[in-house]
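Chain by chain, the residues run as shown.
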Amino acid sequence: MDLVSACRVFVKVSERGSFTVGAAAARVPQSVASRRVAALEAHFGERLFDRRSRGATLTPFGRDMLPSARRLVQLAEAVEYDAERAKLRPMRLAVPDLCTASDLAQLAADAREQGLSLDLCAAPPAERAELVRGLEVRVALVAVPPSEAFWSVPLGLAGMAEPRSDTIYLESLRAGRYDTGAKRRVWIQPEDDVPHVRDRLTRVRDAAGLAPAQVTVASSLVAAAAEALASMDLLLCSPQQAVELGLFWRPIGEVRLARGFDLAADAPSDAERIRTRLSTALARCLGATPRDDTEAVDYAGAVDDVHDRAGAVAQ
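(A) Representation of the packing of helix 1 (residues 3-16) against helix 3 (residues 30-44). It is the contact of helix 1 with helix 3, at a shortest axis distance of 9 Å, that shows an interaxial angle of 110°. It follows from the interaxial angle that helix 1 and helix 3 lie roughly perpendicular. In terms of crossing hand, the pair formed by helix 1 and helix 3 is left-handed. When helix 1 is examined against helix 3, the residues Leu-3, Ser-5, Ala-6, Cys-7, Val-9 and Phe-10 are found in contact with a partner set consisting of Ala-33, Arg-36, Val-37 and Leu-40. Here the residues of the contact of helix 1 with helix 3 sort into 8 nonpolar, 1 polar and 1 charged.

This is how it looks when you write it as structure tokens:
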């Protein structure tokens, strides 16, 4: 027996003095109201209403039980109200600070359609991890190696000049013996200043015989993008970022690099809710591929997608 539902009918019928009117107030059919009261009487082992009188008249036992039943119903309603308020309270989610305002607005809108209210906090990788450890956010998109990632974003090099080939090799940036001009550089944005990206790229730099300064971590995405836009330097970025900046993107010939993202949360259930309801929306926001495709990132497809979207933007 559902004690709360039975007590709710009992209270409504006693207040209105009628099973018909009380059932309507409890929003159940009269037959259901009668069964719930009968079940409650069986549970207590005493009659609550005098069946011999007209209308719904409380027995002495019913009058004694009414205050307790009313308190139970009021408490249950308070619990239901608090539960609804808790569901509407925004979930604070730390996201990469490279996401655009448009991407984040769409993510928040998608979350609302899935019954989630998000309070988005943009931050660089190390800060996002610290925010969730310090319980300043409930969930954070943290940077992880692609092999451990739920979302993966292919990385390549982008610049103002359209490359002649479908791949850019770092060794092509090596200056010749008689080349006295400025050496072309590769700029790493803060989001990619993590070991599984930065260290692998610097090892390729050293193997290709480039100067240490030719692969440099920028202070911000804006600073890195400005260098690529104002010179022949290249920006390490995703295809989606290249489109947004109007740059030509290609994968790196010597190494396949990707950003990896997963969720970290103090309560695992929070992370699971985000994964279950917003997997596609987050992939779109990050410019990512879903988990099933992380082992084989489609770099050629990424190049084609960049070209298609760049054409759409131009039109």
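Having seen it, we continue.
(B) How the structure looks around the confidence of the model for the protein chain. For the protein chain, per-residue confidence averages 87 on the pLDDT scale, and 89% of positions sit at 70 or higher. Note that pLDDT drops below 50 for residues 293-300; the model gives that stretch 14 contacts with residues more than four away or on any other chain.

(C) View of the pattern of salt bridges. According to the stated counting rule, one finds 17 salt bridges in the structure shown. One salt bridge connects Asp-199 with Arg-198, and the closest N-O pair in it is separated by 3.0 Å. Classification of Asp-199 as partly exposed rests on a relative accessible area of 28%. The network of salt bridges with shared partners includes Glu-15, Arg-16 and Arg-70.

(D) Structural context of the environment of Arg-273. Considering the arrangement of structural elements, one finds Arg-273 in helix 10 (residues 268-286). Judged by relative accessible area, which is 28%, Arg-273 ranks as partly exposed. Sequence separation between Arg-273 and Leu-116 is 157 residues; the distance between their C-alpha atoms is 9.0 Å. Those residues in contact with Arg-273, other than ones at most four positions away along the chain, are Met-91, Leu-116, Arg-138 and Leu-278.

(E) Expanded view of helix 1. For helix 1, with 14 residues, the first-to-last C-alpha span of 20 Å sits near the 20 Å given by 1.5 Å per residue. Within helix 1, the full set of buried residues consists of Ser-5, Ala-6, Cys-7, Arg-8, Val-9, Phe-10, Val-11, Val-13 and Ser-14. Of the residues that open helix 1, the one with a side-chain oxygen 3.3 Å from the backbone nitrogen of Val-4 is Asp-2.

(F) Representation of unusual backbone geometry within the structure. A positive phi angle is found at Arg-27, which is not glycine, with a value near 60°. Within the fold, Arg-27 resides in the loop between helix 2 (19-25) and helix 3. Residues other than glycine seldom take positive phi values, yet Leu-135 does so here, at roughly 60°. In this fold, Leu-135 is placed in the loop between helix 6 (125-133) and strand 5 (139-143). Judged by its relative accessible area of 56%, Leu-135 falls in the exposed class.

Cut-offs used in this document
Residues numbered from 1 in each chain as written. Predicted model: local features only at pLDDT ≥ 70, side-chain atom pairs only at ≥ 80, totals over all residues. Heavy atoms only, no water. Axes fitted to C-alpha atoms, helices over the stretch in contact; angles between N-to-C directions. Helix = DSSP H or I, 4+ residues; strand = E, 2+ residues; numbered from the N terminus. Parallel < 35°, antiparallel > 145°, perpendicular 65-115°, else oblique. Left-handed = near helix turned anticlockwise from the far one by under 90°. Contact = heavy atoms within 4.5 Å. Nonpolar A, V, L, I, M, F, W, Y, C, P; charged D, E, K, R; others polar. pLDDT = per-residue confidence, 0-100. Salt bridge = Lys/Arg side-chain N within 4 Å of Asp/Glu carboxyl O. Buried < 20%, exposed > 50% of the residue type's maximum accessible area, 1.4 Å probe, protein only. Expected span 1.5 Å × (residues − 1). Polar contact = N/O pair within 3.5 Å; in protein donor to acceptor, adjacent residues only side chain to side chain.

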